[in-house]
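Coordinate analysis (summary)
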Amino acid sequence: MAKFQLPLPIIPDDLLQEIFLRSSAKAVGRCMCLNKFWYRQLRQPETCIHHMRRQKVLDQHVLFHVGYSLLLMGSDSLYIVNAASGEEVNVQHPFRVGIHGWFRIVGVSNGNICFKFSRERDDTRLLVWNPTTQCSREISDPHRDHGRSFFPVYGFGHVRNSDAYTVIHMCKRDIADAYVFFSRYCSRRSTWFHCVDCLPGIEKIDPNSVFNNGQAYWITGTGDSYATPKFVLCYSVEDESFSEVSIPVGAIYTIHNLLTHKEKVALLAHTHNEFGYVAAIWHLNEDANGNRILEQYCRFASRSIRENPILFVDENLLLLVNNSKERELLVNYRYRELVLTEYDIEHGTRNLLVRRAWRYPETPHPITVRSTLKYFAGMFPV
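Notes on the structure follow. Because the structure is predicted, anything quoted here is derived from the model rather than measured.

Here we take up the overall build of the protein. Scanning the protein from terminus to terminus reveals five helices and 25 strands. For the protein, contacts bridging at least 24 residues in sequence account for 46% of all contacts bridging at least 6.

Written out as structure tokens, the structure is:
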């Protein structure tokens, strides 16, 4: 007797697309390997963009880079931490730097991570890598072409509504130069574009950068040791132009960080006074005439912010701090610990997410948090 088989159900394209958008980046990556049709469909820029928008609502992760002093090169590690559950995953980056090498994170955008690294001291390169697809692209570092230069800064992010990304590099070829040397890498053309003389009057640009909606932002400094913030410098990839936003006198605190908060670029200013640690958040908005201004969003007291990296997830502040000196003294300088805390600004409450400890008697050097960044897994090409 012949076996009777029901025909396989035909899933409409709209329903299939919705299933993919609701799936994790890892599940979508596995589906891409099944056949050429799904591979072509899921690699479309529109699909990658819509999937990333869904992931930013469903998924909240933090990428943090930790290491020891510069004397212990090659000992750094990368971790991705789930900000909701505290689950931690060690990330094996795609390059080996060796005992004399080093690396740092330039930026994270749509699931792609941009590194600057060196396998042998000053032999620097750039690399864009997607941990989900395990694809990478190595890019020449324009900083090598200048020989000795000063105040090198970078930026990395995607062009708005596109799967193309941009890497930005700026530096001064002499500390007394009145101009900045500017370079921009375009992933579509796989080449660098250079501008010799730009940004006249800029003394120093802080290396901390934020990329939001196709625009890169930095803080410029002036005064003794360039410690006084002057402007928020903005570069529009689409218009290929710079603009500046003055930092109000009320926002000039001891330490400043640029970050994103509620889908806006924000300036976090914090200091210590006779009442303790104080922080304020300033949003980058537009006034009635269309001019960009910084407006104070909120001001709050903090237990201890100091110079540790800070970032936002939803309405809460995620603060990554080193353990206190008293704890290190108690255990004879052999106990190193990182604490990831969720801080509710409105209610002033904290929730411990991650407590990560290292016990290495042979390395009594303190742990350094080199960077903390939001991370969303994505399918964007490199």
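To continue, consider the pairing of strand 3 (residues 88-91). In this structure, strand 2 (residues 77-82) lies alongside strand 3, joined through four bridges in antiparallel fashion. Counterpart to Tyr 79 in the pairing with strand 3 is Asn 90. Once strand 2 ends, the chain turns through five residues before running back antiparallel as strand 3, passing Gly 86 with a positive phi of about 85°.

Let us now look at the sheet that holds strand 4 (residues 102-109). Picture the strands of a sheet paired through backbone hydrogen bonds; they go either parallel or antiparallel. Spatially, 4-5-6-7 is the arrangement adopted by the four strands of the open sheet, whose pairing is antiparallel. With partners counted over all chains shown, the strands left at the sheet margins are strand 4 and strand 7 (135-140), one partner each. Taken over all neighbouring pairs, the strand axes of this sheet differ in orientation by 25° on average, direction set aside.

Another point: the side chain of Thr 222. Inspection of the secondary structure assignment puts Thr 222 in strand 14 (residues 215-222). Side chain to side chain, Thr 222 and Glu 203 meet in a polar contact 2.5 Å long. Dropping the residues within four chain positions of it, Thr 222 is found in contact with Glu 203, Ala 227, Thr 228 and Lys 230.

Here we come to the packing of aromatic side chains. Counting across every chain of the model gives 11 aromatic pairs. Judged by centre distance (4.5 Å) and plane angle (10°), the ring pair of Phe 95 and Phe 117 falls under stacked. Here Phe 117 lies in strand 5 (residues 112-118) and Phe 95 lies in the loop between strand 3 and strand 4, a separation of 22 residues in the sequence. Phe 117 matches Phe 95 in its accessibility class, with the two residues each being buried. A connected cluster of aromatic rings, assembled from ring pairs, spans Phe 95, Phe 103, Phe 115, Phe 117 and Trp 129.

Our focus in this paragraph is helix 2 (residues 25-32). Buried within helix 2 are the following residues: Ala 25, Val 28, Gly 29, Cys 31 and Met 32. Each buried residue of helix 2 sits inside an arc of 160° when the element is viewed along its axis, so together they form one side. With respect to the buried face of helix 2, the exposed residues turned more than 90 degrees away are Lys 26 and Arg 30.

Every buried residue of helix 1 (residues 13-22) is listed here: Leu 16, Phe 20 and Leu 21. When helix 1 is viewed along its axis, its buried side chains cluster within an angular range of 140° and face the same direction. Along helix 1, the residues that are exposed and aim more than 90 degrees away from the buried face are Asp 14 and Arg 22.

Next up on the list: the pattern of salt bridges. One pass over the structure, following the stated rule, counts five salt bridges. Measuring nitrogen to oxygen at the nearest pair gives 3.4 Å for the salt bridge that ties Arg 160 to Glu 238. Residue Arg 160 is found in the loop between strand 8 (150-158) and strand 9 (165-172), and its partner Glu 238 is found in the loop between strand 15 (228-236) and strand 16 (241-246); the two are separated by 78 residues along the sequence. Given the relative accessible area of 62%, Glu 238 is considered exposed. Among the salt bridges present, the one from Arg 184 reaches Glu 240, with a minimum N-O distance of 3.1 Å. With a gap of 56 residues between them, Arg 184 in strand 10 (residues 180-186) and Glu 240 in the loop between strand 15 and strand 16 connect regions that are remote in the sequence.

Take the environment of Arg 355 next. The residue Arg 355 is located in strand 24 (residues 349-358) in this model. Judged by its relative accessible area of 47%, Arg 355 is partly exposed. For the pair Arg 355 and Gly 86, spaced 269 residues apart in the sequence, the C-alpha separation amounts to 8.9 Å.

Before going further, it helps to spend a moment on the sheet that holds strand 10. The sheet built from four strands is open, its strands ordered 8-9-10-11 with antiparallel pairing. A single partner strand is all that each edge strand has here, and the edge strands are strand 8 and strand 11 (191-198). The average angle at which neighbouring strand axes cross in this sheet is 15°, direction not considered. Taken together, the seven bridges between strand 8 and strand 9 define a ladder with antiparallel strand orientation. Counterpart to Tyr 154 in the pairing with strand 9 is His 169.

Here we take up unusual backbone geometry. Of note, Asn 213 is a non-glycine position whose phi angle comes to about 55°, a positive value. Tracing the backbone shows Asn 213 in the loop between strand 13 (210-212) and strand 14. A relative accessible area of 49% places Asn 213 in the partly exposed class. Located in the positive-phi region is Glu 263, a residue other than glycine, with phi close to 65°. By secondary structure assignment, the location of Glu 263 is in the loop between strand 17 (255-261) and strand 18 (264-273). You can call Glu 263 exposed: its relative accessible area is 65%.

Moving on to the nonpolar core. Membership of the largest hydrophobic core comes to 28 residues, with the highest contact counts inside it found for Leu 63, Leu 78, Phe 95, Phe 103, Ile 113 and Phe 115. Mapped by element, the contributors of at least two residues to this core are helix 1, helix 2, helix 4 (45-58), strand 2, strand 4, strand 5 and strand 6 (124-130). Discounting chain neighbours no more than four positions away, the residues touching Ile 113 are Leu 63, Ile 105, Gly 107, Val 108, Leu 127, Val 128, Trp 129, Pro 131 and Tyr 375.

What follows covers the side chain of Asn 112. One can find Asn 112 in strand 5. Side chain to side chain, Asn 112 and Asn 130 meet in a polar contact 3.0 Å long. Not counting residues up to four positions away in its chain, the partners in contact with Asn 112 are Gly 107, Val 128, Trp 129, Asn 130, Phe 156, His 158, Tyr 165, Phe 380, Pro 381 and Val 382.

Reading the values: rules and limits
- Residues numbered from 1 in each chain as written.
- Predicted model: local features only at pLDDT ≥ 70, side-chain atom pairs only at ≥ 80, totals over all residues.
- Heavy atoms only, no water.
- Helix = DSSP H or I, 4+ residues; strand = E, 2+ residues; numbered from the N terminus.
- Contact = heavy atoms within 4.5 Å.
- Pairing = 2+ DSSP bridges.
- Axes fitted to C-alpha atoms, helices over the stretch in contact; angles between N-to-C directions.
- Polar contact = N/O pair within 3.5 Å; in protein donor to acceptor, adjacent residues only side chain to side chain.
- Phe/Tyr/Trp six-rings, centres within 6.5 Å; stacked < 30°, edge-to-face > 60°.
- Buried < 20%, exposed > 50% of the residue type's maximum accessible area, 1.4 Å probe, protein only.
- Arc of directions from axis to C-beta.
- Salt bridge = Lys/Arg side-chain N within 4 Å of Asp/Glu carboxyl O.
- Core = buried A, V, L, I, M, F, W, Y, C linked by side-chain atoms within 4.5 Å.

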